[in-house]
Structure formats: C-alpha cells, structure tokens
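What follows is the residue order along each chain.
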Amino acid sequence: MEDNVLLQVSHLRTQFETKEGIIPAVDDISFTVERGQVLGIVGESGCGKSVTSMSILKLIEKYNGRILAGSSVKLEGRELLGLSEAEMCNIRGREIAMIFQDPMTSLNPVFTIERQMVETIVRHKKIGRKAAHSTAVEWLAKVGIPEPEKRIKEYPHQLSGGMRQRVIIAIALSCDPKLLIADEPTTALDVTIQAQILDLLRKLKDEVNAAIILITHDMGVVAEMADHILVMYAGRALEYGTKQQIFRNPRHPYTKGLLASIPRMDRQEERLFSIEGNVPNLLKPVEGCVFRERCGYAREACGSCRPELLSLPDESRVSCLLYEKEAKESAHE
Amino acid sequence: MKKFLLKRILIMIPVFFGMTILIFVLSNLTPGSPVDAMITADMTPADIEALYVRMGLDQPLHIQYLRWLGRLFQGSLGYSFRTGTAVTGVIGERVGPTLLLTGTALALAIAAGVLFGVAAACKPYSVWDYMASGLSFIGAGVPTFFLALVFIYCFAVKLQWLPTGGMYANASTKDWMDVAKHLLMPAVLLGISMTGGYIRQTRSSMLEVMGEEYVKMARAKGMREKVVLYSHALRNAMLPVATQIGMSVPFLVGGAVVTEQVFGWPGMGSLMVLSITYRDYPVIMGVTVYTTCAVMVVNLLMDIIYALLDPRVRN
Amino acid sequence: MDKIKKENVQNSFWRNTVQKFMKHRVAMFSLLFLTVEILAVILLPLLMDLDPYTTNAGCFSMAPDERFLLGTDDVGRDVFSRLVYGGRVSIMVGFVSALLSAVIGIPLGLLAGYYGGVIRMVIMRLVDIFMSFPAMIIQLVLVTVLGASAASVMLVIGLLGWTGFARLTYSKVISVKEQEYVEAARASGATNLRQMFQYILPNSLAPLFVQFSFSVASAILQESGLSFLGLGVPVPTASWGNMIYSAQSLSTLVYRPWMWVPAGTILVATVLSINFIGDGLRDALDPKMKL
C-alpha cells in the first residue's frame, strides 16, 4: 500500500508577506497522490490551489511566497522541501511537470516550438539535439498536432489556443514525468476544445502512467477526471475523499453548496443556487472555521476553535464540527 | 519579413519627404543663396540675374525643392563659404571620426544599460541596483558638458591619465592606441548621457517579463535560473529596449555635437559649431541633411533588428 | 446626482494623489528645494543689492571674498549675482519652453485621438518626422537663423519638444474617448469642442503633468547645452549654461572653479529635483502603486 504512494504532502503552509500584512495562502494542507491516479483539487479562485502546486515545485519562493517550517512534500519518500535549487531543477519537468492555465501566455513568444521542446528534453534526458528533435516531433503527433514536422518550426503566435495547450502538454509529458500538475488546464479554452484537451490528458496519462493533480474550479471537470478530490477554501482543506464519496455523499456544507451550484440539464430550476457571501479577507487572522460566515449550519462553537480534518469511518476526511461525533465513533472502533 | 520591410520603407517615404521639405524651408530661411559664392566683383547685375536663372532660383519653390532634392541625391550640396571647397568633401572627412565616436558611445551605452538594467532587476537593493540608479540619474540630470568638464579636470588635468582633447597626439602617425586613448573619455561621457534611459527601460521591462507566465513555465520545466533569466526573460525584455534605443538615436547626435565641441573631436558636430560661427550656411545645411538621413537609416536598421528579435512582427 | 458622484470620485482621486505624493520623501524634498530656489531667484534681487552686469574694473577673475561672495568672472562681473539672475533666465526658459511644447502637443494629440482617420494619420506622421529629427541640430540651425536670444531659445526648444505631449495625449484620449461619460455627453448633444475640452482632456491630464515636469527639466538642460555652445542665451544676459561656457578655456577650468562649479552644481540640482518631482508625481498617479 505505502509503495503506491507517489506524492505525500503533509501540513503544507505557505504564506506571502505583503506591506498590508501576512497572507496565509495555504494553511496546513495534507494529501497524498497515488501512482497513476488523478487527484482533483477544487475551490474558488484565490483559495490557494495554485499556490499549493507552486509550493510542491518549490517555485513559490521566486514569487515572494514562503513555505513555513513543519511543511513536508515527499516524492516517492524523498523530501523535496529540503533539496537545493540545483536538485529541484532536476525534479521540475523531469519527475514533476506542470501545465498552466493560459496557453496564450505560457509559451515564450520569441522562441519556436522546437526550441522550447528541445531545450526541455535535452535538459532532462541527456540526449543530443537530433534525438531530442525526433522525440519532440513524436510528442507533437501524440498530442494530435497535424503536420508536426512543419508545425514544430513555428512560433506560438502562429498556433491557436487549443493547439498551444497541446504543445504545452507535449512539453510537460516529453520527459515522462511521474506526476503532472495541471493548473486549470481548460479554463482559458472554448468549451468544445476543453473536452478534447481533457480526453487527451486522460489518454496520455495512461500511456506514460503518470499521476495527475488536476487543479480546477469546475466541478464538472473533476467529475469527469478525478479519482480523489480535495476541496479547498481560503487556504485550508475542507474535505477529502474519493470521487464517489464527494459527489454521492458530500459532508461539508461548502462542498454541498459547490455541488448544488452546478447547473444541471435534468432539472428545471428558477435560478442557479449560489453560496451567499464572500471569501474572508485572509489578511485578518481567521478564528475558528473559515467558512463560518457563509455557512448555514454555523454554531457558536464554529467561531472559537478551528475544526480539525476529521477522519470518518469511510476513510474520507472533513473539517467540520458537525461530524465530530461520527469521527469519534470511528476512532473508537 | 519582406512584407514587413516593405511596409517600413513605405512608411519612411512620407517621413523622408516631410523632413526634406522642412530642411529645404529652413535652408531658404538662411541668409545667402547658392549663387553668392559664385558672384565675383566684376559681374554686372544682369550677369547675376543670369546666374540666378541658370541656378533655377527664379523657379517656383516646389520646382526648386525638387531640383534641390535631385542635387541632394547626386551628392552635391554646394560649396562651403569658409573653405570654398565642395560641402560633401568638407563633411566627408568628418564622417569617420563622428561614426567612431557615436558608434563606440552607443555600444558602451547599450552594454552598460543592459548589464546594469538586468542586474538591478534581478538583484534589487544590491550594489548593482544602486550603481544602476546612480548612473541613470547622472545620465538624466547632469548635462554632458558639465560632466565632461569634471572628467577633464580629474582624469586629464589632475591625474594626467588621458589627453584633454583632440583625436591624435600627432595626426601624421595614425597610431590606433593613441586614437583609443583620445576616444575613451568622450565616448564614455556620451555613453553615460545615453545609458540612463536604457538602464531604466531594461530594468522595468525585465521586471515585467519576469512576472510573465512563460517565465514561470520555463522554471517549471526545470530550466536553470540562468537560462530562465538570460535566455527566456532577457530576449523578451530586449524588445522595448530596442525601441528605446532606436528612439534615442536623435539625442545621440545632439550629444555628439556637445561632446565633440568640448573635446575638440574633429567630427561633424564640431564642424557644425565651427560653421555656425562662420555663418557657413551650405555646410550647416549639409550637416543637417546628412545627420537626419543617417538617423533615418539607423531607424530602419533598428526596425530590422526589432523584427529579428520579435517573430510576431516578422510574420 | 451622477455629476456629484463623478466630482466626488475626481476629488478623492486628486486628494489621494496628493497624499501619496506627500509620502514620497525624495519628491517632497525636491519640491521644497525647487520652491526655495524659485523664491530665491525672484526675491533675492529685490532684497539684496545684486549687480550681474557691471564689469568691476581691476577685479577680473577674483576668487571669492567678502565683497564677491562667489568671486568674479573673467570680465569682473559678480558671479553670485549672475548665478541668481541666470537662475531666473534658465528656470524661465525651462517653464516657457515646456509650456509651448504642451500648447502645441496637447491639442494635436487631442485632435488625432478624437477624430482618427486622415487627421490622425497626418498628425502622427508629423510626430514621426519630428521624432526622427536630431533636435539639437535643428535647434542650432533655427537659432542661427533667428539670432540668439532668450526668446528664440525658448521658441526653438518648445517647437521641437511637443511630440512627447502629442503622443501621450493621443494614447490617453483614445482610451478615455470610449468611457461612458463621454458617450453620455455625446448622446446629449455636446459639441465636438465641448466633448474634447470639457470631458476628454480633464480626464487625460494626470500623465500630462508628469510629462510637463520632465519637459521642464529637459528644456533647462537643452538651454544650457545651447548656451554652452555659445548659441543660447547671449551674454551679457546670464544663464547657467553660458556661465559654464567660460570653463571651455583650460585655465578657467583648472584655476578658477568658482566661475563654473556653482552654476553647474545648481543646474544639476535643479534638473535632478524636477526629475524627482516628476517621478514622485508618476508614482502618486499610478493606481497600482501603494506607498
């Protein structure tokens, strides 16, 4: 069982120091990703999803973020947070690759597709430029780019958004990473192309046998792709479980709200459900539960102590006082 | 690329005519006319009149302009009042020194601008950053001639490391080391006057580019930080810097006039000042035409360089 | 109702800007310095007995003493008096030239941005032409034609400095033009002129102030450059530039620093402080900057 764990993140805390104060962008997040599995991290924008992924790659420090002591990110049992920058450079792109949200801005506009692919392959696979070139062409074909030999000579602005995202996927997978972090990979694309890209990701994931962390705000995307789901809110983990558990039996009031706000074709509703209120200002330290102010079940106790991430009998986890009793029972058993 | 070049050249055409018309108007405002130099004491008014007709000065202005333009293309700009020789010849011997001075200064300014700009952007609050802002403030606020006087005072008079001015210690020897020694101070000074803008532009566009998604992606691909900075980021940051360099070339010419004058450098700038004191209008207008055309050519070159840097412009 | 709201927004924008500017220490210090300096060059001649023109016989090139605070120049004129009077000239040339540039450039930018089409093309081509002129050369020719005087120097610097204003106004106008209140004014039948000057221009002003301050600094530098070449403000009128001109002779440069160092230093300090004020203003006007 342990052998199957690819990535183990525990008690990850990342914060930004700004002139207005400290922002705890990721506040004590733990999860594991198993080999070949897809973990969906869902939440609204600004909930710390992207900061989590940038922290795993230890890139957040370049963007003024700070990972606090006590955090741990282990890849196949090896602690990443203690590695030097040079060692991390060998991990990034090789072991853990990443796909970004906006294909229009993620490729360097002044370099050809070829250069951007080949430099990655040469960097990690230690093969010559010629061999790297043919690998690159192969990958372009695999991600469904027609005439790859010709297209590889082109510049990003000559390709459409969907094509560019395919190129980015090709770059990410070209070094056979064990883990792929896809940060909102379809958000910036047209709906029809979104589906194509998701299909492509699913197909290629099996081919290279990579695990995926899929970061999205779109419950529909996770429903299609994920094995496990982590629900984040204001930098904290609110619920974690398998896809079935989350969709069939959501526990946390926030997860319930998220699911209720998905527009559904099979029901005729007057208006879409939406969660009242706004995300709390993280500059002010939050006492108790972060979701309290928007929660319909909030009690006095929710404001005083921060709810732990409770383990429930079915191995899912939830951070809500409503389930304290249930969790205790499971602990007794 | 061909289409882009063609477009740039087409845009240059109205600019060229606009500029030459303005210069032509200016030269008509200057006292004296091209025939003045040919009038001899024994000419009758009728002879002079005939000379005017022969030179086409009785024609309407637009015809005169076209003829003037025609002569311009043939490289005949009249005769100097001061020396009596052809203007092209007078200017010709000054072109080399000016190109040497401005070229060296520009190269130094670009090198320093990019170096300090990148350092200031990548290592804020470092010694480099402070040196960069110091240099850019000197460039922006201290007039070249004042700094030149301070430099001459320090390096030529007090320390006696460098000559106070001129281009050769002995004009007949043509010793390159000697020329380099004479060149150093004026070129550095002219460079300083230009580099402030380049530093600030490089710094700010470098900072902007470092926030871009493709830089994040390059890092996430595992590229080493040096590659990320000097290959991915700098290449993009250079685009606005190239524009800035192109736009600053007219100021380089202005700075050269002052620098050449302070150091007695035998270039077109000091020729301009000399000609003005002698009211040598044909040479004054000749220098004006030459420098403006040179600026236009440099601008076109900068456009080509820009296109080479940015594939989006090229296609 | 809407108008009141808009005015409130405008007021708070300017109040905010002033507050941000006041926090900019270098800029505030520069503003203080410049104010003191301008007051000094205006008031000192009224309060003190200053004489920049009389050539004191037998007092040529004298080092500073009690009688001549900063010594005398090579024809025996009091350097301190010339510094003060020269300040009047140099600062005035700076402001008048910048104003002239603004008066030419802003309307042209407005026209180009507001009307577009052929008008835009002609004006922007003109900007291209002027921007690729080596300004200094043209200034030299013009001064030679017009004859050197403070007035011609201002005219010549102003005439060649308008492109910055035109470009900036143009880019500002095309973005402001599409705003709702301008469309509302258009819909309610405001004339073109009224739209341009009452609605569009006031909302494009902020960056133009910044441009103006940099223009003043640049004009002061250009004047000093022309004067240094002997083609700016002609003697006996004093300007900082023509005071430094005297240092072209090596003996003055080395043995009589009082003739050129004070003028050079004050010139540098003035230009730098105007630039700092411009920087402070730009930062204060930038909504992204928080101080």
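Residues numbered from 1 in each chain as written. Chains lettered and ligands numbered in written order. Predicted model: local features only at pLDDT ≥ 70, side-chain atom pairs only at ≥ 80, totals over all residues.

When helices and strands are tallied, chain C shows 13 helices and zero strands. Reading the helices (α) and strands (β) of chain C from amino to carboxyl end gives α-α-α-α-α-α-α-α-α-α-α-α-α. A buried classification covers 46% of the 291 residues belonging to chain C. In chain C, of all internal contacts separated by at least 6 residues, the share reaching a separation of at least 24 is 68%. (Helix = DSSP H or I, 4+ residues; strand = E, 2+ residues; numbered from the N terminus. Buried ≥ 20, exposed ≤ 12 C-beta atoms within 10 Å, placed from the backbone. Contact = placed C-beta atoms within 7 Å.)

Below, the discussion takes up the overall build of chain A. Summing up its helical and strand segments, chain A has 12 helices and 13 strands in all. For 333 residues, the compact-globule estimate of 2.2 N^0.38 gives 20 Å, and chain A sits close to it at 21 Å. For chain A, the residues scored as buried account for 44% of the 333 residues in total. By sequence separation, contacts in chain A at least 24 residues apart represent 62% of the contacts at least 6 residues apart. (Rg over C-alpha atoms; globule rule 2.2 N^0.38 Å.)

When you tally the buried positions in helix α10 (residues 268-277) of chain B, you get seven out of 10 residues, the bulk of the element. What α10 of chain B keeps buried is the set Met-268, Gly-269, Ser-270, Leu-271, Met-272, Ser-275 and Ile-276 of chain B. In the core, the buried residues of α10 of chain B are packed alongside α4 (87-122), α9 (225-263) and α11 (281-309) of chain B together with α5 (135-146) of chain C. Looking one or two residues past α10 of chain B, Arg-279 of chain B carries a phi angle of roughly 50 degrees, positive in sign.

So, on to the environment of Gly-288 of chain A. Residues and elements named next belong to chain A. Assignment of secondary structure puts Gly-288 in the loop between α11 (253-260) and β12 (310-311). For Gly-288, a count of 17 C-beta atoms within 10 Å translates into the label partly exposed. Taking C-alpha positions, Gly-288 is 3.9 Å from Arg-306, a pair spaced 18 residues apart along the chain. Among all residues touching Gly-288, those that are not within four sequence positions of it are Cys-302, Gly-303, Ser-304, Cys-305 and Arg-306.

Moving on: the sheet that holds strand β11 (residues 236-242) of chain A. Residues and elements named next belong to chain A. Here we have eight strands laid out as an open sheet, ordered β7-β8-β9-β3-β10-β11-β13-β12, and mixed in their pairing. One side of each edge strand has no neighbouring strand; the edge strands of this open sheet are β7 (96-99) and β12. Relative to strand β10 (residues 228-233), strand β3 (residues 38-42) runs parallel, the two sharing four bridges. Directly across from Gly-40, in β10, lies its bridge partner Ile-229. (Pairing = 2+ DSSP bridges.)

Interface size is often expressed as the accessible area that is lost when the parts come together. Facing the 37 residues of chain B at the interface are 32 residues of chain C. Elements with a contribution of two residues or more to the side of chain B that touches chain C: α1 (2-29), α5 (127-141), α6 (144-158), α9, α10 and α11 of chain B. Top element by residues in the side of chain B that touches chain C is α11 of chain B. It accounts for eight residues. Considering only residue class, the side of chain B that touches chain C consists of 27 nonpolar, 10 polar and no charged. (Nonpolar A, V, L, I, M, F, W, Y, C, P; charged D, E, K, R; others polar.)

Another point: the packing of α5 of chain C against helix α6 (residues 150-160) of chain C. Residues and elements named next belong to chain C. Contact pair α5 / α6: the axes reach a minimum separation of 10 Å and the direction vectors enclose 145 degrees. Note that α5 runs across α6; the crossing there is right-handed. Seen from α5, the contacting residues are Ala-135, Ile-138, Gln-139, Leu-142, Val-143 and Leu-146; seen from α6, they are Ser-152, Val-153, Val-156, Ile-157 and Leu-160. Across the contact of α5 with α6, the residue classes tally to nine nonpolar, two polar and no charged. (Axes fitted to C-alpha atoms, helices over the stretch in contact; angles between N-to-C directions. Left-handed = near helix turned anticlockwise from the far one by under 90°.)

Residues spaced three or four apart along an α-helix face the same direction, because each turn holds 3.6 residues. Taking 1.5 Å of rise per residue, 15 residues should cover 21 Å, and α5 of chain B covers 21 Å from first to last C-alpha, within 8% of that figure. Among the residues of α5 of chain B, those classed as buried are Ala-132, Ser-136, Gly-139, Ala-140 and Gly-141 of chain B. Summarising the contacts, the buried residues of α5 of chain B are in contact with α4 and α7 (176-210) of chain B together with α13 (261-285) of chain C. (Expected span 1.5 Å × (residues − 1).)

What follows covers unusual backbone geometry. At Lys-58 of chain A, a position not held by glycine, the phi torsion is positive, near 55 degrees. Examined against the element boundaries, Lys-58 of chain A turns out to sit in the loop between α1 (49-56) and β4 (65-67).

Right, let's talk about the pairing of strand β8 (residues 179-183) of chain A for a bit. Residue and element names in this part refer to chain A. Of all five residues in β8, five are buried; the element is thus mostly enclosed. Relative to β8, β7 runs parallel, the two sharing four bridges. Paired with Met-98 across the bridge in β8 is Ile-181. As for the winding sense of the linkage, the β-α-β connection from β8 through helix α8 (residues 191-208) to strand β9 (residues 211-216) is right-handed. (Right-handed = clockwise from strand over helix to strand, strands pointing away.)

Low pLDDT means the predicted atomic positions in that stretch should not be read closely. Per-chain confidence: chain A averages 84 in pLDDT, with 95% of residues scoring 70 or above. Averaged pLDDT values over the elements of chain A bottom out at 71 in helix α12 (residues 324-332) of chain A and peak at 92 in β7 of chain A. (pLDDT = per-residue confidence, 0-100.)

The next subject is the pairing of β10 of chain A. Residues and elements named next belong to chain A. Burial analysis of β10 places six of its six residues in the buried class, which makes it a mostly covered element. Because side chains alternate across β10, one face comprises the buried residues His-228, Leu-230 and Met-232, and the other comprises Ile-229, Val-231 and Tyr-233, equally buried. Linking two consecutive strands that pair antiparallel, namely β10 and β11, is a turn of two residues; a positive phi of about 45 degrees is found at Ala-234 within it.

A word on the environment of Met-219 of chain A. Residues and elements named next belong to chain A. Locating Met-219 in the fold gives a position in helix α9 (residues 219-225). For the pair Met-219 and Ile-262, spaced 43 residues apart in sequence, the C-alpha separation works out to 7.3 Å. Not counting residues within four places of it along the chain, the set of residues in contact with Met-219 comprises Val-42, Leu-258, Leu-259 and Ile-262.

A separate point is the confidence of the model for chain C. Residues and elements named next belong to chain C. In this model, chain C carries a mean pLDDT of 81, and residues with pLDDT of at least 70 account for 88%. The element-level mean pLDDT for chain C is lowest in helix α1 (residues 2-23), coming to 67, with α6 highest at 91. The ipTM for the predicted assembly is 0.86, set against a pTM of 0.82.

As a further point, take the nonpolar core. With 244 residues, the main nonpolar core has Leu-179, Leu-180 and Leu-214 of chain A as its most contacted residues. In contact with Leu-214 of chain A, not counting residues within four places along its chain, are Val-38, Leu-39, Gly-40, Ala-182, Val-221, Val-222, Met-225 and Ala-226 of chain A. (Core = buried A, V, L, I, M, F, W, Y, C linked by C-beta atoms within 7 Å.)

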